[in-house]
Amino acid sequence: MKRAIVIVLDGVGAGALPDAADYGDEGCNTLAGAARGAGALNAPNLQAWGLGNVCPIPGVPPTADPSAWWGIMAERSPAKDSISGHWELAGVIRKQPPMLYPDGFPPAVIERFRALTGMNVLGNVPASGTEIIRRLGGEHLRTGAPIVYTSADSVFQVAAHKRVIPLEELYRLCRVVRDEIMNGKPYNVDRVIARPFDGGRGAFRRTAERRDFAIPPPEPTVLETARREGVRVTGVGKVDDLFAGRGFDEVRRTASNSEGMRTLIALVEQPPARSGTLILMNLLDFDQEYGHRRDARGFRAALEEFDAFVPALTRRLRGGDLVIITADHGCDPAARGTDHTREYVPLLACLAGMERGGSLGVRATFADAGAAVAEFLGVPPPPAGRSFLRDVGNPRHEPSG
């Protein structure tokens, strides 16, 4: 009846990777940027776990006696997006960088879209989602043409007002793009994303009905392996979209960090499955609401909200539960532009009931998290990663990373 809980703080990086300059991200640090840009971070519970040991964070000093195991993990995949990060956390390292469209999509792609949907297109540029609907939302209302845009990630995004293109029709358009245009060479992208919005001119706002239509991982992840071995796998948030739905018994969709945390509490209060339980939760607000918008104050408040949640979670754990808190990439609110940042991610891990923690060091890949989960649940290891479970279970060991 083992239970593993993996919490992904979307976009909460912990300092620039050695190759960050190759991505235009030299000097980035999301945790420090959120604190510096809005005053010192107040996170006493995460500090007790060892968050301040991970990297210098204003307001969160290191502790000599952490109650959890702490470290940082490097991304080996040549990317800085959510799909690559989550796949690697689940034990699959991407070999080739994703296809990007920094100047918009080729004319052949747009012509194919028009031919298949009968619709014209607005935009076809790289842009921030909030900026593009502010700029083109009025023309979209007048013409009915969907807004197409991309970003520094491998995405084909389709934005539409819910009164102009109803949700199910918007989802259908995105499936057409996924299945008929962006599904393999030469134009493949990782995700086709439906971006509905509502409101009036001058007050457009994106809604929570976003849907991602993604390519599947190239190899079985720890989610798929665990499920095949009888472990009950539950996703909280958008995680199933990032794995093209593979590896989950159930998914609890949530519209905010707050709803995600409430959902996790409800799940933890249930008895674990006899064959084992794996819960993977993504908290998206850090990235979507604050990181991309370079809102350091909002980012800090979201971190403090999560910090206040930690004791509520730990009080409900059963002895021996494994909890891992980490991230999938950076999104430094103090950085230039609005894109993700190429960073290490924090690693905090504990077994419920353990007395003390220590250092897990610098892990060579995010996949170490997936390897630890597999070892804990007693299922075959994923394609990549080196488990740190022996360190978490026995504080006498030196870090194995």
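Cut-off values and rules
Sequence positions are assigned chain by chain, starting from 1 and proceeding in written order. Only residues with pLDDT of 70 or above have their local features reported here, since the model is predicted, and side-chain atom pairs are shown and tallied only from 80 upward, although totals for entire chains, interfaces and linings are computed over all residues. Values reported for side chains reflect all heavy atoms of the structure, with hydrogen atoms and water molecules removed beforehand. Runs of H or I in DSSP of at least four residues are treated as helices and runs of E of at least two as strands, each being numbered from the N terminus. Relative accessible area decides the class of each residue, using a 1.4 Å probe on protein chains only: under 20% of the type maximum gives buried, over 50% gives exposed, and in between gives partly exposed. Contacts: residue pairs with any heavy atoms within 4.5 Å of one another. On a scale of 0 to 100, pLDDT captures the predictor's confidence in every residue. Definition used for salt bridges: Asp or Glu carboxyl oxygen within 4 Å of a side-chain nitrogen of Lys or Arg. Two rings from Phe, Tyr or Trp (for Trp, the six-membered ring) form a pair when their centres are within 6.5 Å of each other. A pair whose planes differ by under 30 degrees is stacked, one over 60 is edge-to-face, and the rest are tilted. Sitting over a ring, as applied to charges here, requires NZ of Lys or CZ of Arg to be within 6 Å of the ring centre and within 35 degrees of the ring normal. A helix is expected to reach a length of 1.5 Å times the quantity of its residues less one. What is meant by a nonpolar core is a set of buried Ala, Val, Leu, Ile, Met, Phe, Trp, Tyr and Cys residues, joined one to another through side-chain atoms within 4.5 Å. Any N or O atom pair separated by 3.5 Å or less is treated as a polar contact, with the protein-specific requirement of one donor-capable and one acceptor-capable atom, and with residues adjacent in sequence counted only for side-chain atom pairs.

A.B. asks: Help me understand the side chain of Thr30 in this model?
C.D. replies: Residue position: Thr30 is located in helix H1 (residues 30-36). Given a relative accessible area of 0%, Thr30 falls into the buried group. Not counting chain neighbours up to four residues away, the residues in contact with Thr30 comprise Gly11, Val12, Gly13, Phe299, Gly330, Cys331, Asp332, Pro333, Thr341 and Glu343.

A.B. asks: What is the right way to look at the confidence of the model for the protein chain in this model?
C.D. replies: Per-residue confidence for the protein chain gives a mean pLDDT of 94; residues scoring 70 or more make up 98%. Every residue in residues 395-399 is under pLDDT 50, and counting partners more than four places away or in other chains gives 11 contacts.

A.B. asks: For this particular structure, what's the right way to read the pattern of salt bridges?
C.D. replies: Should their charged atoms come close, side chains of opposite charge can pair. Within the structure shown, the criterion is met by 25 salt bridges. A salt bridge links Asp25 to Lys80; the nearest nitrogen and oxygen atoms lie 2.8 Å apart. Linking Asp25 in the loop between strand S1 (3-9) and H1 with Lys80 in the loop between strand S2 (69-73) and helix H4 (82-89), this pair joins segments that are 55 residues apart in sequence. Assigned by exposure class, Asp25 and Lys80 land together as buried. Between Arg293 and Glu289 there is a salt bridge, and its shortest N-O distance comes to 3.5 Å. Residue Glu289 is classed as partly exposed on the basis of its relative accessible area of 24%. Residues participating in the shared-partner salt-bridge network are Asp153, Arg191, Arg210 and Asp212.

A.B. asks: Just checking my understanding: could you explain the packing of aromatic side chains for this structure?
C.D. replies: What describes a pair of aromatic rings is the distance from one ring centre to the other and the angle between the planes of the rings. Using the criterion set out here, one finds 8 aromatic pairs in the structure. A ring pair is formed by Phe286 and Phe299, whose centres lie 5.8 Å apart and whose planes are at 35°; its orientation type is tilted. Highlighted residues: Phe286 in helix H11 (residues 285-291) and Phe299 in helix H12 (residues 296-314), separated in sequence by 13 residues. Both residues of the pair, Phe286 and Phe299, belong to the buried class. An aromatic cluster is built from Tyr101, Phe105, Phe113 and Phe156, whose rings are joined through pairwise contacts. The ring of Tyr171 has Arg211 sitting right over it, with the charged end atom 5.2 Å from the ring centre.

A.B. asks: So what exactly am I meant to see when it comes to helix H7 (residues 167-181) here?
C.D. replies: Residues that lie three or four places apart on an α-helix share one face, since the helix turns once every 3.6 residues. For H7, spanning 15 residues, the distance from its first C-alpha to its last is 20 Å, which sits close to the expected 21 Å at 1.5 Å a residue. For H7, the secondary structure elements touched by its buried residues are helix H5 (107-117), strand S5 (155-161), strand S6 (191-198) and strand S8 (211-214).

A.B. asks: Before we go on, may I ask you to explain the nonpolar core in this structure?
C.D. replies: Considering soluble globular proteins, one finds that nonpolar side chains tend to be buried as a cluster. Core analysis: the largest hydrophobic core is formed by 89 residues, its most contacted members being Ile7, Leu278 and Phe306. Tallying contributions element by element places H12 first for this core, with 8 residues. Counting 23 residues, the second-largest nonpolar core is a separate cluster that includes Ile110, Leu170, Ile181 and Val192.

A.B. asks: Honestly, H4 in this entry has me stumped. Any pointers?
C.D. replies: Among the 8 residues that make up H4, 8 are buried, leaving the element largely enclosed by the rest of the structure. Buried within H4 are the following residues: Ser82, Ile83, Ser84, Gly85, His86, Trp87, Glu88 and Leu89. Between the side-chain oxygen of the N-cap and the backbone nitrogen of Ile83 there are 3.1 Å, and the N-cap of H4 in question is Asp81. Following H4 by one or two positions, Gly91 has its phi on the positive side, about 100°.

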